[in-house]
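Listed below are the residues making up each chain.
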Amino acid sequence: MSPTRPAGPARTNGAVSFWYAADGLPDRRPALDGDLDVDVALVGGGYTALWTAYYLKQAEPSLRIAVLEKEFAGFGASGRNGGWLTSALPGQFRRYAAAHGRPAAAAMQKAMFATVDEVVSVAAAEGIDADIRKDGELHVAVGPVQEQRMLAHLPALRGEGWDEQDMVRLGAGELADRVRVAGARGALWTPHSARIHPAKLVRGLAAAVERLGVTVYEDTEVVAIRPGAAVCRRGTVRARYVVRALEGFTAGMPGHRRTWVPMNSSMIVTAPLDRQVWDEIGWRGAEVLGDEAHAYCYLQRTADDRIAIGGRGVPYRFGSHVDTRGETHVSTQCGLAELLGRLFPAAAGAPIDHAWSGVLGVPRDWCATVQLDPATGLGAAGGYVGHGVATANLAGRTLRDLVLGHDTELTRLPWVGRKVRGWEPEPLRWLGIRGLYVAYRAADRREAAGLGRTSLIARAADLLSGR
Ligand SMILES: Cc1cc2nc3c(=O)[nH]c(=O)nc-3n(C[C@H](O)[C@H](O)[C@H](O)COP(=O)(O)OP(=O)(O)OC[C@H]3O[C@@H](n4cnc5c(N)ncnc54)[C@H](O)[C@@H]3O)c2cc1C
């Protein structure tokens with residue numbers, strides 16, 4: 001394939017995501033029709049709700065649990081993501097440490113390492129074939145400035161729960177032995193990460209909770225949440241505990257417009273690449289891979305030999321508007337295709353089979369939360385800032401302990417019960433978030449053009465946004 005040939009727009013745009021292209025969108029489960037009494041109502045049908053249902057039912061088989069999903073289980077980010085089952089903290093170490101001390105924040109990092117293995121082992125135990133391969137995660141430094149940032153970051157990690165074997169520095173040659181990224185100066189590699197097929201995981205999880213006796217209601221929109229009840233269009237579910245598991249859709253729930261902003265992330269996937277292309281690229285393993293840019297990208301080699309690459313695209317829509325079907329602007333598709341060609345010239349011009357987008361939840365302080373108020377029975381988890389694939393499992397186990405009233409290592413982790421201020425009203429919210437990404441892209445451009453150090457624009461943007 002010629003590096004100069006531009007990749008056209010994707011053959012399929014939206015249709016939820018590429019991850020449903022092979023098997024089609026799932027048949028919908030019956031909707032709730034009338035009132036219902038349960039012990040726990042879980043609002044949303046993504047990883048967070050399903051893992052919570054899974055662990056609660058395992059611990060207390062007698063609990064009556066209902067999952068209430070507006071579309072179908074896996075319609076949201078859980079069926080659209082980049083398939084990084086990553087141990088990255090869902091937020092910043094310094095914030096968790098500032099509130100609870102460094103040992104507590106480091107304990108959370110260790111819990112994230114263990115969470116990756118937990119997902120892998122439950123998937124195996126439940127017979128969920130989600131193309132899981134744990135070959136770790138590569139953070140590639142493209143160009144000298146990204147390398148400077150990467151090297152500056154490494155010593156700090158040592159005090160943040162990462163031991164030497166948890167994050168390994170690879171020189172340019174060692175990286176090229178694994179994968180050849182154009183302009184790469186080296187990478188950091190962690191073993192604590194796996195590649196997954198998102199939709200296969202969410203579909204398998206939904207089936208697993210049903211086998212345990214949980215009812216998943218689809219086509220069931222919750223229009224209000226209050227203590228003891230989730231109010232749906234065609235009935236009210238009365239429950240001792242009601243857990244909001246809506247992540248990027250949270251702003252649509254009355255009373256939560258400014259709780260977490262829905263941040264868009266967009267992806268494209270190539271057609272399966274020829275053997276000669278893979279011979280040039282290397283990447284024989286299934287490491288998930290990203291760069292160190294401010295507006296960073298994330299990639300996976302799929303089980304059927306494509307490259308899926310994602311990035312921010314249009315970061316945020318005015319008024320926390322959510323575009324549900326996942327259609328992606330052609331300019332975003334082209335931007336991602338160009339980036340793919342820059343990283344892997346051998347794949348430049350490869351046909352793009354599918355483009356899609358989705359929303360993830362971002363709190364004002366860019367750190368995730370899991371919470372349950374025992375007095376009202378209201379709970380929530382999310383705001384995973386793009387690291388929700390593994391974190392939702394940690395949330396599920398933590399919500400299990402909180403609902404059952406158990407004081408455990410999980411309920412003492414620093415993300416439990418945090419109080420975070422809401423986002424600014426519009427138009428400030430839109431201006432701030434759009435401005436942030438304009439600044440990050442400008443900083444990336446200046447650095448790529450030979451600036452020689454991290455751009456002050458990016459530093460100022462970090463400072464102003466509190467990111
Ligand atoms: C394109 C993209 C790429 C990503 N890549 C990664 C990655 O590689 N690694 C990673 O760790 N994280 C990634 N993320 C983030 C991650 O996918 C999410 O954090 C995670 O899936 C959140 O799971 P959830 O169950 O909390 O929310 P969701 O999966 O979004 O589920 C929420 C559900 O609520 C439903 N819903 C909405 N409104 C209502 C209502 N009123 N009533 C009932 N139901 C409702 C929705 O239909 C949806 O199914 C990515 C996200 C996106 C969008």
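Structure: above.
Residues numbered from 1 in each chain as written. Predicted model: local features only at pLDDT ≥ 70, side-chain atom pairs only at ≥ 80, totals over all residues. Heavy atoms only, no water.

Re the nonpolar core
Moving on, step 1. Core analysis: the biggest nonpolar cluster contains 75 residues, and Y47, W51 and W415 have the highest contact counts within it.
Moving on, step 2. The element contributing the most residues to this core is helix α3 (residues 102–125), with nine residues.
Moving on, step 3. Filtering out sequence-adjacent residues up to four positions away, W415 remains in contact with Y96, M108, A368, T369, V370, Y384, T391, L394, A395 and T398.
Moving on, step 4. If you look at the next biggest cluster of nonpolar residues, it comprises 32 residues, including V140, C297, L343 and A350. (Core = buried A, V, L, I, M, F, W, Y, C linked by side-chain atoms within 4.5 Å. Buried < 20%, exposed > 50% of the residue type's maximum accessible area, 1.4 Å probe, protein only. Helix = DSSP H or I, 4+ residues; strand = E, 2+ residues; numbered from the N terminus. Contact = heavy atoms within 4.5 Å.)

Section: the pairing of strand β11 (residues 229–232)
Moving on, step 1. By the alternation rule, side chains of β11 split into A229 and V231 and A230 and C232, which are all buried.
Moving on, step 2. Looking at chain direction, strand β10 (residues 222–226) and β11 are connected through four bridges and run antiparallel. Its bridge partner lying in β11, I225 is registered against A230.
Moving on, step 3. What sits between the antiparallel neighbours β10 and β11 is a turn of two residues, in which G228 has the positive phi angle 85 degrees.
Moving on, step 4. In this structure, β11 lies alongside strand β12 (residues 235–244), joined through four bridges in antiparallel fashion. By the bridge assignment for β12, V231 is matched with T236.
Moving on, step 5. The turn joining β11 and β12, which pair antiparallel and follow one another in sequence, is formed by two residues. (Pairing = 2+ DSSP bridges.)

Description of the environment of R400
Moving on, step 1. With respect to the helices, strands and loops of the structure, R400 is situated in helix α9 (residues 388–404).
Moving on, step 2. Using a relative accessible area of 19% as the deciding quantity, one classes R400 as buried.
Moving on, step 3. Along the backbone, R400 and A295 are 105 residues apart, and their C-alpha atoms lie at a distance of 35 Å.
Moving on, step 4. Residue contacts for R400: discarding those within four places in its chain leaves Y55, L56, A59 and L410.
Moving on, step 5. A distance of 2.8 Å separates polar atoms of two side chains, one belonging to R400 and the other to D401. (Polar contact = N/O pair within 3.5 Å; in protein donor to acceptor, adjacent residues only side chain to side chain.)

Structural notes on the sheet that holds strand β17 (residues 352–363)
Moving on, step 1. Read across the open sheet, the nine strands follow the order β1-β17-β13-β16-β15-β14-β5-β7-β6; overall the sheet is mixed. Every interior strand has two partners, whereas the edge strands, β1 (12–13) and β6 (168–171), have only one.

Let's talk about the site of the ligand
Moving on, step 1. Taken together, 36 residues are adjacent to the ligand, and T48, E69, S78, G386 and V389 come closest.
Moving on, step 2. K70 places a polar main-chain atom, nitrogen or oxygen, 3.0 Å from a nitrogen atom of the ligand.
Moving on, step 3. A distance of 3.3 Å separates an oxygen atom of the ligand from a polar backbone atom of G76.
Moving on, step 4. Isolated, the ligand exposes 1,000 Å² of accessible area, and the fraction of that covered by the protein chains is 97%.
Moving on, step 5. Element by element, the count of residues in the shell around the ligand is highest for β17, at three residues.
Moving on, step 6. Of the residues that constitute the shell around the ligand, the class distribution is 15 nonpolar, 16 polar and five charged. (Near = heavy atom within 4 Å. Areas by Shrake-Rupley, 256 points an atom, 1.4 Å probe, with all protein chains shown as cover. Nonpolar A, V, L, I, M, F, W, Y, C, P; charged D, E, K, R; others polar.)

Details of the pattern of salt bridges
Moving on, step 1. Applying the stated criterion across every chain yields a total of 27 salt bridges.
Moving on, step 2. For R28, the salt bridge is made with D219, and the minimal N-O distance between the two is 2.7 Å. Here the residue R28 occupies a position in the loop between β1 and β2 (36–43), and D219 occupies one in the loop between β9 (215–217) and β10, the gap between them amounting to 191 residues.
Moving on, step 3. For R28, a relative accessible area of 36% corresponds to the partly exposed category.
Moving on, step 4. Owing to a relative accessible area of 38%, D219 belongs among the partly exposed residues under this scheme. (Salt bridge = Lys/Arg side-chain N within 4 Å of Asp/Glu carboxyl O.)

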